[in-house]
Amino acid sequence: QVQLVESGGGLVQAGGSLRLSCVASGRTFSMYRMGWFRQAPGKERDFVARINRSGGSTYYADSVKGRFTISRDNSKNTVYLQMNSLKPEDTAVYYCAADLGYSGGYSPNEYDYWGQGTQVTVSS
């Protein structure tokens, strides 16, 4: 089992940047594929990005490609989401998630462990 704690959310103007962090504790962090998802009020939880165990493979939703970067530091048990050129439509609660799977990784149903979420608000 792994416990996840996100941080780094906040209020930012459109065009600004934020870096989210997610620290894992419990079982060996490098065993887990990691993902970031987001959920706006009244909407479903959507895929944002995912990264494989070594950090050598990443994948992004089309809506964030070229603006967001997912990375991980296995020595610090941490996964990051660098968010640049933020838009008001990026406003949501952002969640990190962990999973032992190998394929896919784009659906929230594939992930077994979740953090509590961190609010990101982008003003226009």
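Residues numbered from 1 in each chain as written. Predicted model: local features only at pLDDT ≥ 70, side-chain atom pairs only at ≥ 80, totals over all residues. Heavy atoms only, no water.

**Section: the overall build of the protein**
- For the protein, the count of helices and strands is zero helices and 11 strands.
- The order of helices and strands in the protein, counted from the N terminus, is β-β-β-β-β-β-β-β-β-β-β.
- Expressed as a percentage of its 124 residues, the buried residues of the protein come to 42%.
- Pairs at least 24 residues apart make up 59% of the contacts formed inside the protein by residues separated by at least 6 positions.
- With the model as given, the accessible surface of the protein reaches about 6,100 Å², and the carbon-plus-sulfur share is 46%.
- Taking the 13 positively charged and 10 negatively charged side chains of the protein as two groups, their mean positions are separated by 5 Å. (Helix = DSSP H or I, 4+ residues; strand = E, 2+ residues; numbered from the N terminus. Buried < 20%, exposed > 50% of the residue type's maximum accessible area, 1.4 Å probe, protein only. Contact = heavy atoms within 4.5 Å. Areas by Shrake-Rupley, 256 points an atom, 1.4 Å probe, with all protein chains shown as cover. Lys, Arg positive; Asp, Glu negative; His and termini not counted. Charge placed at Lys NZ, Arg CZ, Asp CG, Glu CD.)

**Re the state of the cysteines**
- Applying the stated rule across the entire model yields one disulfide.
- The partner cysteine of Cys-22 in its disulfide is Cys-96, sulfur to sulfur 1.9 Å. Looking down the S-S bond of the Cys-22 and Cys-96 bridge, the torsion is 45 degrees, so its handedness is right-handed. Pair noted here: Cys-22 is in strand β3 (residues 18–26) and Cys-96 is in strand β9 (residues 92–99), with a separation of 74 residues, a long-range link. (Disulfide = S-S within 2.5 Å.)

**Remarks on the pairing of strand β11 (residues 118–123)**
- Burial along β11 is one-sided: Thr-118, Val-120 and Val-122 are buried, while Gln-119, Thr-121 and Ser-123, pointing the other way, are not.
- As paired strands, strand β2 (residues 10–13) and β11 are joined by four bridges and run parallel to one another. Across the sheet, Gly-10 pairs through a bridge with Val-120, a residue of β11.
- As paired elements, β9 and β11 share three bridges and run antiparallel to each other. (Pairing = 2+ DSSP bridges.)

**Overview of the environment of Ser-54**
- In this fold, Ser-54 is placed in the loop between β5 (45–51) and β6 (58–60).
- Expressed as a C-alpha distance, the spacing of Ser-54 and Asp-73, which sit 19 residues apart in the sequence, is 9.0 Å.
- If we skip the residues at most four places from it in the chain, Ser-54 touches Arg-72 and Asn-74.
- Within the structure, Ser-54 has its side chain in polar contact with the backbone nitrogen of Gly-56 (distance 3.2 Å). (Polar contact = N/O pair within 3.5 Å; in protein donor to acceptor, adjacent residues only side chain to side chain.)

**As for the nonpolar core**
- Residues Met-34, Trp-36, Leu-81, Met-83 and Tyr-94 are the most contacted members of the largest nonpolar core, which totals 33 residues.
- Where this core is concerned, the elements lending two or more residues are β1 (2–7), β3, β4 (33–39), β5, β7 (68–73), β8 (78–83), β9 and β11.
- In terms of residues, this core owes the most to one element, β9, which gives five residues.
- The residues contacting Leu-81, other than those within four sequence positions of it, are Leu-18, Arg-19, Leu-20, Trp-36, Val-48, Ala-49, Phe-68, Thr-69, Ile-70 and Tyr-94. (Core = buried A, V, L, I, M, F, W, Y, C linked by side-chain atoms within 4.5 Å.)

**Side note on the sheet that holds β8**
- Taking strand neighbours across the sheet as the criterion, the four strands line up as β1-β3-β8-β7 in an open arrangement whose pairing is antiparallel. Taken across any chain shown, the strands that pair with only one partner, and hence form the sheet edges, are β1 and β7. Here the average twist between neighbouring strands, direction ignored, is 15 degrees.
- As paired strands, β3 and β8 are joined by six bridges and run antiparallel to one another. Across the sheet, Ser-21 pairs through a bridge with Tyr-80, a residue of β8. (Axes fitted to C-alpha atoms, helices over the stretch in contact; angles between N-to-C directions.)

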